[in-house]
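Next come the chains, spelled out residue by residue.
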Amino acid sequence: MNKLVILLTAALLGQASAATLTLWTHFEPAGEVGWVKSQAAAFEKATGNKVVVVSVPFGDLTDKFIQSAPKGQGPDLIVTQPHDRLGQMAAAGVVESVDKYITSKVDIDKTALSAMTYNGKLFGLPLFAEAVALVYNKKLVPNPPTTWDQFLKIAQANTGNGKFGFLTQIDEPYRSYGFVSAYGGYIFKNNSGTLDSKDIGLDNAGTVKALSFLNDLRYKYNLVPEGVDAGVAKSAFVDGRLAMLYTGPWDMGDIKKAGIDYGITAFPTPPGATGKWSPFVGVQGIIISSYSKNKAAAVQLARQMTSADAQVAFNQAGGRIPTSLAARAKLKADPVVLGFGRAISAGTPMPNIPAMGAVWGPWGGATAQGVQKANQPYSQLLQSAVKEIKGNIK
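Residues numbered from 1 in each chain as written. Predicted model: local features only at pLDDT ≥ 70, side-chain atom pairs only at ≥ 80, totals over all residues. Heavy atoms only, no water.

Caption draft 1: Region of interest: the pairing of strand S10 (residues 194-200). Direction of pairing for strand S9 (residues 188-191) relative to S10: antiparallel, over a ladder of 4 bridges. Paired with Phe188 across the bridge in S10 is Ile200. Hairpin geometry of S9 and S10 is characterised by an intervening segment of 2 residues between the two adjacent antiparallel strands and by a positive phi of about 55° at Ser192. (Pairing = 2+ DSSP bridges. Helix = DSSP H or I, 4+ residues; strand = E, 2+ residues; numbered from the N terminus.)

Caption draft 2: Structural view of the pairing of strand S3 (residues 77-82). Burial runs high along S3: 6 of the 6 residues are buried. Relative to S3, strand S1 (residues 20-25) is paired through 3 bridges, and the arrangement is parallel. Across the sheet, Leu23 pairs through a bridge with Leu77, a residue of S3. The sheet contact formed by S3 and strand S13 (residues 280-288) spans 5 bridges and is antiparallel. Residue pairing for S13: Val79 is matched across the bridge by Ile286. (Buried < 20%, exposed > 50% of the residue type's maximum accessible area, 1.4 Å probe, protein only.)

Caption draft 3: How the structure looks around the pattern of salt bridges. What the rule picks out here adds up to 8 salt bridges. With a closest N to O distance of 3.3 Å, Lys105 and Asp99 form a salt bridge. A residue is classified by how much of its surface remains accessible, and Lys105, at 33% relative accessible area, is partly exposed. Of the residues examined, Asp99 reaches a relative accessible area of 27% and is grouped as partly exposed. For Lys330, the salt bridge is made with Asp309, and the minimal N-O distance between the two is 2.5 Å. One end of the pair, Lys330, is in helix H13 (residues 325-330); the other, Asp309, is in helix H12 (residues 308-318), and 21 residues separate them in sequence. Taking relative accessible area as the criterion, Lys330 reaches 54% and is therefore assigned exposed. By sharing partners, the salt bridges in this structure join Lys234, Asp251 and Asp254 into a single network. (Salt bridge = Lys/Arg side-chain N within 4 Å of Asp/Glu carboxyl O.)

Caption draft 4: Representation of unusual backbone geometry. Put simply, Val79 and Thr80 share a cis peptide bond, and its omega is 10°. The phi dihedral of Asn161 is positive, around 60°, even though this residue is not glycine. On the secondary structure map, Asn161 appears in the loop between helix H6 (148-157) and strand S8 (164-167).

Caption draft 5: Molecular detail of the confidence of the model for the protein. Considering every residue of the protein, the mean pLDDT works out to 94; 96% of them sit at 70 or more. Taken together, the stretch residues 1-15 has pLDDT below 50 and engages in 0 contacts with residues farther than four places along the chain or on a different chain. (pLDDT = per-residue confidence, 0-100. Contact = heavy atoms within 4.5 Å.)

Caption draft 6: Structural context of helix H16 (residues 378-392). For H16, built from 15 residues, the straight-helix expectation of 21 Å at 1.5 Å per residue is met to within 8% by its first-to-last C-alpha distance of 21 Å. Listed in full, the buried residues belonging to H16 are Tyr378, Leu381, Leu382, Ala385, Val386 and Ile389. The arc that holds every buried residue of H16, seen down its axis, measures 130°, which confines them to one face. Counted as exposed and oriented over 90 degrees from the buried face of H16: Gln380, Lys387 and Gly391. Of the surrounding elements, those touching the buried residues of H16 are S10, helix H8 (205-219) and helix H15 (360-370). (Expected span 1.5 Å × (residues − 1). Arc of directions from axis to C-beta.)

Caption draft 7: Highlighting the packing of helix H2 (residues 30-47) against H12. Two elements in contact, H2 and H12, have axes separated by 8 Å at closest approach and are oriented at 155°. Taken together, the axes of H2 and H12 are roughly antiparallel relative to one another. Between H2 and H12 lies a crossing of right-handed hand. Residue-level contacts link Gly31, Glu32, Trp35 and Gln39 of H2 to Ala310, Ala313, Phe314, Ala317 and Gly318 of H12. Considered class by class, the residues forming the contact of H2 with H12 number 5 nonpolar, 3 polar and 1 charged. (Axes fitted to C-alpha atoms, helices over the stretch in contact; angles between N-to-C directions. Parallel < 35°, antiparallel > 145°, perpendicular 65-115°, else oblique. Left-handed = near helix turned anticlockwise from the far one by under 90°. Nonpolar A, V, L, I, M, F, W, Y, C, P; charged D, E, K, R; others polar.)

Caption draft 8: Molecular detail of the nonpolar core. By size, the foremost hydrophobic cluster in this structure holds 128 residues, and its most contacted members are Val79, Phe166, Leu217, Met244 and Phe267. Discounting chain neighbours no more than four positions away, the residues touching Val79 are Leu23, Trp24, Thr25, His26, Phe27, Trp35, Val36, Leu127, Ile286 and Met305. (Core = buried A, V, L, I, M, F, W, Y, C linked by side-chain atoms within 4.5 Å.)

Caption draft 9: Fine view of empty space enclosed by the protein. Applying the stated rule across the entire model yields 2 cavities of 30 Å³ or more. By volume, the largest cavity is sized at about 50 Å³. Ser176, Val180, Thr207, Ala210, Leu211, Leu214, Trp363, Thr367 and Leu382 are the residues that line the largest cavity. Looking at the lining of the largest cavity, the elements with two or more residues in it are helix H7 (173-183), H8 and H15. Sorting elements by how many residues they give to the lining of the largest cavity places H8 first, with 4 residues. When grouped by side-chain class, the residues that make up the lining of the largest cavity number 6 nonpolar, 3 polar and no charged. (1 Å grid on protein atoms, 1.4 Å probe; cavity = no way out; pocket = protein on both sides within 12 Å on 5 of 7 lines; lining within 4 Å. Points joined across faces, edges and corners; volume = space filled by probe spheres on them.)

Caption draft 10: Geometry of the packing of aromatic side chains. Scanning all chains against the criterion turns up 24 aromatic pairs. Look at Phe166 and Tyr246: their rings are 6.4 Å apart centre to centre, the planes differ by 50°, and that puts the pair in the tilted class. Separated by 80 residues along the polypeptide, Phe166 in strand S8 and Tyr246 in strand S11 (residues 242-247) bring together distant segments of the chain. The two residues Phe166 and Tyr246 agree in class, both being buried. Among the aromatic residues, those joined into a ring-pair cluster are Trp148, Phe151, Phe166, Phe179, Tyr183, Phe213, Tyr221, Tyr246, Phe267 and Trp277. Here the basic side chain of Arg85 rests over the ring of Phe58, its NZ or CZ set 4.5 Å away from the ring centre. Stacked on the ring of Tyr186, the Lys or Arg Lys189 has its end atom at 5.1 Å from the ring centre. (Phe/Tyr/Trp six-rings, centres within 6.5 Å; stacked < 30°, edge-to-face > 60°. Lys NZ or Arg CZ within 6 Å of the ring centre and 35° of its normal.)

Below is the structure:
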């Protein structure tokens, strides 16, 4: 009997022995690195487990993980990975589905959940997200537009004499997707959560209308002059010479420093569109290695770091937009969280399948050509792009 008790006790002690988790992070700002370390310290204190935090450059993270994980040299978890790399990692078999560990998803923004889902499986816990929206100068735009007619009236009234009513970079496709979706275009057909890389909608009637609309912003409505890129547009807004800027949360630090009294709202439905504006959404989440020997502990740490309170602290450390609805509610007085949070919820995740790598170049080329001069052959440009995309998809 005593021998059995000793054996059982030894087994229990073995199960309860502390785990050592290796956490990779690409975060560089001191506040965000400090947040990671404070979360690790809190986890160590609560569980007795040890967390080793390793900094890995953002550009090296995915390839290094895919190469090292099967050799047992990778991390237990990564804080964080962009959702559009999920397909590549899932295809390599290095990322663990977390469905069996997560009992409730009601607090997670649905767009963010969709972004971290690949082939019907949830492959990470969303931490933050971003999307473009309409940032307006309240001094020039006391009441934000809710319709296209209101938008156009405000934009044109504020254009002239070195000032601008509306600016954005119209020759690249990331920003234009909200218009593509409004007119009925799409990248890959979404069949109940699974993207079909053989069904490409970038040359359909909706995408043709969207490209024509971008051209109209420059040549019909005379709002966006040639040569305007993202930097030029932001500078005009920061200088107080621009009424409405179409951008994402990455520009808000400079806008705040400039002391601009700003608001953030959705872009109104463009003229003739039957759908709603739905911008591209990028999500970054915490992923678990399928080769981790401490998956349960790694998930426990990931859940702690994506809790509402932790996301509030992360927002305060670096200004990122939480994916926790409860965290957003606690931060509702922050116009950046409120405005971009609504854009994220209304948005569409960038495709996370590997085939998306074949899309950006041809689509970007067609978009740039489509706004080079008035009345371009939009349909022809997009058909050529889709032909190239299909040829590039392996």
